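A structural walkthrough
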Amino acid sequence: MKFSELDAKIRVFETDYDQFVPPGVHMVARLDGRNFSRLTKELHDFEHPFDARFRDYMLLTTEFLMNCGGRVLYGYTQSDEISLLFHPDDECFGRKVRKIISILSGEASARFSSLLQDHAVFDCRVSQLPSKQSVIDYFRWRAEDAHRNSLQAHCYWGLRERGLIATAADKRLKGLREPEKRSLFRELKSFDFDALPGWQRRGSGLRWEAYTKTSQDPRTGESVDASRWRLVRNLELPENSAYSDYLMTLLEGAVEI
């Protein structure tokens, strides 16, 4: 059998079930750390419930992914997860879901492992969102998840600091509603939950910002201004409807990036 015939016969098993994101549909890739609880609690000495060094590793990994070739409008990270919003017209990796998932998970795993100097793995999934409002709903959902997990984690570790063992702390928190957890937090910390840094309560965002760079024309020696893009971090994301407005501004300016 000729190679061309063998190639055509076998390659179909590799590509027959390829899925493509239709043009104009918003793509969000979400990456999650695999078994990061053990990595952060047992193998490395990170502070609990939040650690600025771990936060910076996640931000650096997000920045790296936003420079991997695709037109990523917005990056969001909280805990051990990263969400990347692609431009609706982006053609990266042929818009093949399989390629997006495999490349992003590999790049994230490699980057975070190099920062941590240890083996770390991310998985990845892709959401196909039909409208700007569904994109806003997605990121509101992830921010709310960050909020709920943060309150739970601060209460849990506050109880542990008071001498409760893990099972007792879990039992103390079981069934508590948010107002009750907020009250417990105030009792444990002597200040309100909303006074915590925003990155601990709601996660962190990264977006592109236009700026003017002045350089010298080597031919004439004259100063020349050029428009450039750079990534900026936001560790104090707006909340509720203000966050929706913030995201809509990013989406409406997408054509420029």
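Above this text is the structure in question.
The text that follows walks through the structure, step by step, so that each part is easy to find. (Residues numbered from 1 in each chain as written. Predicted model: local features only at pLDDT ≥ 70, side-chain atom pairs only at ≥ 80, totals over all residues. Heavy atoms only, no water.)

**Overview of the overall build of the protein**
For the protein, the count of helices and strands is nine helices and six strands. Once the C-alpha set of the protein is aligned to its principal axes, its extents read approximately 70 × 65 × 40 Å. The buried share of the protein, reckoned over its 257 residues, is 43%. Across the protein, the fraction of contacts at a sequence separation of at least 24, relative to all contacts at a separation of at least 6, is 68%. Split by element, the accessible area of the protein, about 14,400 Å² in all, is 49% carbon and sulfur. Separation between the mean location of the 38 positive side-chain charges and that of the 39 negative ones in the protein comes to 4 Å. (Helix = DSSP H or I, 4+ residues; strand = E, 2+ residues; numbered from the N terminus. Buried < 20%, exposed > 50% of the residue type's maximum accessible area, 1.4 Å probe, protein only. Contact = heavy atoms within 4.5 Å. Areas by Shrake-Rupley, 256 points an atom, 1.4 Å probe, with all protein chains shown as cover. Lys, Arg positive; Asp, Glu negative; His and termini not counted. Charge placed at Lys NZ, Arg CZ, Asp CG, Glu CD.)

**Let's talk about the packing of aromatic side chains**
Summed over all chains, the structure comprises 17 aromatic pairs. Ring geometry for Phe-50 versus Trp-199: centroids 6.0 Å apart, planes at 90°, classification edge-to-face. Placement of the pair is Phe-50 in the loop between helix H2 (36-43) and helix H3 (52-65) and Trp-199 in helix H8 (residues 198-202), with a sequence separation of 149 residues. Overall, Trp-199 belongs to the buried group, its relative accessible area being 14%. With a centroid separation of 6.4 Å and 80° between ring planes, the pair formed by Tyr-76 and Phe-139 is classed as edge-to-face. Placement of Tyr-76 in strand E2 (residues 72-78) and of Phe-139 in helix H5 (residues 132-161) is noted, with a sequence separation of 63 residues between them. An aromatic cluster is defined as three or more aromatic residues linked by ring pairs; in this entry it consists of Tyr-74, Tyr-76, Tyr-138, Phe-139, Trp-141, Tyr-243 and Tyr-246. Across from the ring centre of Trp-199, 4.6 Å away, lies the NZ or CZ of Arg-55, which sits over that ring. Above the ring of Trp-141, the side-chain terminus of Arg-142 is found at 4.2 Å from the ring centroid. (Phe/Tyr/Trp six-rings, centres within 6.5 Å; stacked < 30°, edge-to-face > 60°. Lys NZ or Arg CZ within 6 Å of the ring centre and 35° of its normal.)

**A short note on the sheet that holds strand E1 (residues 26-33)**
Read from one edge of the open sheet, six strands run E4-E1-E3-E2-E5-E6, paired in antiparallel fashion. This sheet does not close on itself; its edge strands, each paired only once, are strand E4 (122-129) and strand E6 (223-234). Averaged over all pairs of adjacent strands, the angle between strand axes in this sheet comes to 25°, irrespective of strand direction. Alignment of E1 against E4, held across eight bridges, turns out to be antiparallel. For Arg-30, the partnering residue across the bridge sits in E4 and is Arg-125. (Pairing = 2+ DSSP bridges. Axes fitted to C-alpha atoms, helices over the stretch in contact; angles between N-to-C directions.)

**Brief notes about the nonpolar core**
Ranked by internal contacts, the top residues of the largest apolar core, which has 32 residues, are Leu-31, Leu-84, Phe-86, Leu-104 and Phe-112. Elements represented by at least two residues in this core include exactly E1, H2, H3, strand E3 (81-86), helix H4 (97-116), E4 and strand E5 (204-216). Broken down by element, this core gets its largest block of residues, seven residues, from H4. With residues up to four places along the chain from it excluded, the contact list for Phe-112 reads Phe-36, Leu-39, Phe-54, Tyr-57, Met-58, Thr-61, Ala-120 and Phe-122. Ranked by size, the runner-up nonpolar core spans 18 residues in total, among them Leu-85, Ala-146, Tyr-243 and Leu-251. (Core = buried A, V, L, I, M, F, W, Y, C linked by side-chain atoms within 4.5 Å.)

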